[in-house]
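# A closer look at the structure
Okay, here's what each chain looks like letter by letter:
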Amino acid sequence: MGARFIGWGTAVPERVVTNDELSLTLDTSDAWITERTGIRERRIGGTAKSLGVLAARDALNDAGVGPEDIDFLILATTTPDRITPSTATLIAHELGLQCPAMDLNAACSGFMYAVRTAYGLLETGNKRVLVIGAENLSRWVDWTDRNMAVLLADGAGATVLEYDPTENDLLAFVLGAEGADADLLTCEHEGYFQMDGKEVFRRAVRVVVDSAQKALDMAGITSDDLSLIIPHQANIRIIQAACQRLNVEMERAVVVLDRYGNTSSASIPLAFADARQNDRVQKGDYALLTGFGAGMTWASAVVRWSR
Ligand code: COA
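Bear in mind the structure is a predicted one, so any value in this text is a computation, not a measurement.

## A look at the sheet that holds strand β6 (residues 128-136)
The strand order across the open sheet built from five strands is β1-β7-β6-β4-β5, with neighbouring strands paired in mixed fashion. Looking along the sheet, the strands with just one partner apiece sit at the ends: β1 (3-11) and β5 (101-104). Within this sheet the neighbouring strands show an average axis-to-axis angle of 20°, counted without direction. When strand β4 (residues 72-76) meets β6, the two strands line up parallel, connected through five bridges.

## Some remarks on the side chain of D169
Note on placement: D169 falls in the loop between β7 (154-163) and β8 (170-177). Of the side chains bearing the opposite charge, R4 lies closest to the buried D169, which forms no salt bridge; the N-O distance is 5.7 Å. For D169, the side chain forms a polar contact with the main-chain nitrogen of F5, separated by 3.0 Å. Non-local contacts of D169, meaning those with residues more than four positions away in its chain, are made with A3, R4, F5, V302, V303, R304, W305 and S306.

## Focus on the site of the ligand
The ligand sits among 23 residues. The nearest are T28, R36, R146, K198 and N235. Residue W32 places a side-chain N or O atom 3.1 Å away from an oxygen atom belonging to the ligand. The separation between a nitrogen atom of the ligand and a polar main-chain atom of G197 is 2.9 Å. Among the elements of the structure, α2 (30-37), α6 (146-149), α7 (197-219), α8 (236-245) and β12 (286-293) are those that each provide at least two residues to the shell around the ligand. For the shell around the ligand, the element with the highest residue contribution is α7, accounting for four residues. Split into classes, the residues belonging to the shell around the ligand amount to ten nonpolar, eight polar and five charged. No fewer than three residues from each of domain 1 (2-164) and domain 2 (170-304) sit in the shell around the ligand.

## Quick notes on the sheet that holds strand β13 (residues 297-304)
Read from one edge of the open sheet, four strands run β8-β13-β12-β11, paired in mixed fashion. Strands at the two margins of the open sheet, each flanked by one partner only, are β8 and β11 (226-231). Each adjacent strand pair in this sheet contributes to an overall mean axis angle of 10°, direction not counted. In this structure, β12 lies alongside β13, joined through eight bridges in antiparallel fashion. Its bridge partner being in β13, L288 is matched across the sheet by V302. On the sheet, helix α5 (residues 110-123) packs against β8, β12 and β13 and is oriented at approximately 125° with respect to β8.

## Here's the deal with α5
The terminal C-alpha atoms of α5 lie 20 Å apart, and with 14 residues this matches the ideal 20 Å at 1.5 Å per residue to within 8%. For α5, the tally of buried residues reaches eleven of 14 residues, placing the bulk of the element in the interior. Residues of α5 that are buried: G110, F111, M112, Y113, A114, V115, A118, Y119, G120, L121 and L122. After α5 finishes, the residue G125 shows a positive phi value of roughly 115°.

## Overview of the packing of α7 against α8
Two numbers describe how α7 lies on α8: the axes approach to 9 Å, and their chain directions differ by 40°. Comparing their axes, α8 and α7 come out oblique. Crossing angle aside, the handedness with which α7 passes α8 is right-handed. Residue-level contacts link F201, A204, V205, V208 and V209 of α7 to R237, I238, A241, A242 and R245 of α8. Residue composition of the contact of α7 with α8, by class: eight nonpolar, no polar and two charged.

## Brief notes about empty space enclosed by the protein
Remark: the empty space left among the atoms is shown by a probe the size of a water molecule rolled over them. Taken as a whole, this structure holds one cavity of 30 Å³ or more when the rule is applied. Counted as a void, the largest cavity has a volume near 80 Å³. Every residue lining the largest cavity is listed: V208, I229, P231, H232, I238, I239, A242, C243, L246, T290 and F292. Elements supplying a minimum of two residues to the lining of the largest cavity: β11, α8 and β12. Class assignment of the residues belonging to the lining of the largest cavity gives a composition of nine nonpolar, two polar and no charged.

Thresholds applied
Residues numbered from 1 in each chain as written. Predicted model: local features only at pLDDT ≥ 70, side-chain atom pairs only at ≥ 80, totals over all residues. Heavy atoms only, no water. Pairing = 2+ DSSP bridges. Helix = DSSP H or I, 4+ residues; strand = E, 2+ residues; numbered from the N terminus. Axes fitted to C-alpha atoms, helices over the stretch in contact; angles between N-to-C directions. Buried < 20%, exposed > 50% of the residue type's maximum accessible area, 1.4 Å probe, protein only. Lys, Arg positive; Asp, Glu negative; His and termini not counted. Salt bridge = Lys/Arg side-chain N within 4 Å of Asp/Glu carboxyl O. Polar contact = N/O pair within 3.5 Å; in protein donor to acceptor, adjacent residues only side chain to side chain. Contact = heavy atoms within 4.5 Å. Near = heavy atom within 4 Å. Nonpolar A, V, L, I, M, F, W, Y, C, P; charged D, E, K, R; others polar. Domains from an automatic or database assignment. Expected span 1.5 Å × (residues − 1). Parallel < 35°, antiparallel > 145°, perpendicular 65-115°, else oblique. Left-handed = near helix turned anticlockwise from the far one by under 90°. 1 Å grid on protein atoms, 1.4 Å probe; cavity = no way out; pocket = protein on both sides within 12 Å on 5 of 7 lines; lining within 4 Å. Points joined across faces, edges and corners; volume = space filled by probe spheres on them.

Honestly, it's all geometry; don't read function into it.
Shown next as structure tokens:
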């Protein structure tokens, strides 16, 4: 059994919000945000549906397939447009898909949870699955709360996964969830995101390193074999700490959080797109894709690009 990534796409809102702009209304500064998080600016605007549609169209074009070629749509999102119907059904309609469509919420691990689910669908008879990660986190931010406002942002990324009996991009997955940690990062109905930042930081490093190491072992490789790490983009210091523990130099990590902030389910495909644009994705190379988020949830995958 094999599954290959055959196309990728992204979408971000046009509106750029810099750290200096946030500093006009919040007790914060560009120096603090840059030093403590690595974020310099972020994009704000759109909805999970509008951004998801744009990223999906981009991915379909990149894959050279049409709506009729997609068997299943999974939208990873923490911020659906409505409680019901699922935003995935709205996106499917807009794209002209004639297939099952569903939302999946695993917070910032959502994209990798969706890729894992897509793999299972391909294993059991589906030919092509469209996976989207799309977020409108800004809607659920209290813009007077500097703790969250400096971190979260909007964006979307998408990929098309195709069944292939001869080649396989997805070598190993390690996913997990620990609901005992649910209160560390929450957003109630009609509420705002709230977080114990320090504790999330500590646990994030732990679960990323642990799941990454297990995924490398399952794939039968070591971190020396990795050309790239494509991590969830939450805080540069989390990425640095995880890379250090995994013995991977920062040059091999893809970082886009300086431009996009934390876009939850969208951050891994946004980072992938950046790596590809900069010629960092080569056929035959190994990469580690790894995310963590509210739940807590985590997901690491070892990938070997077949194209
Ligand atoms: N601007 C300016 N100062 C701020 C600030 C802000 N936005 N937020 C906090 N501070 C202040 C604090 O009040 C504190 O001041 P004090 O020393 O006078 O008490 C100081 O900066 C240090 O705060 P602290 O909370 O210790 O900072 P930190 O280094 O832990 O960084 C986070 C805070 C949130 C950036 C960091 O903990 C983090 O990134 N955590 C993980 C978050 C995450 O990844 N979430 C998403 C999961 S998917």
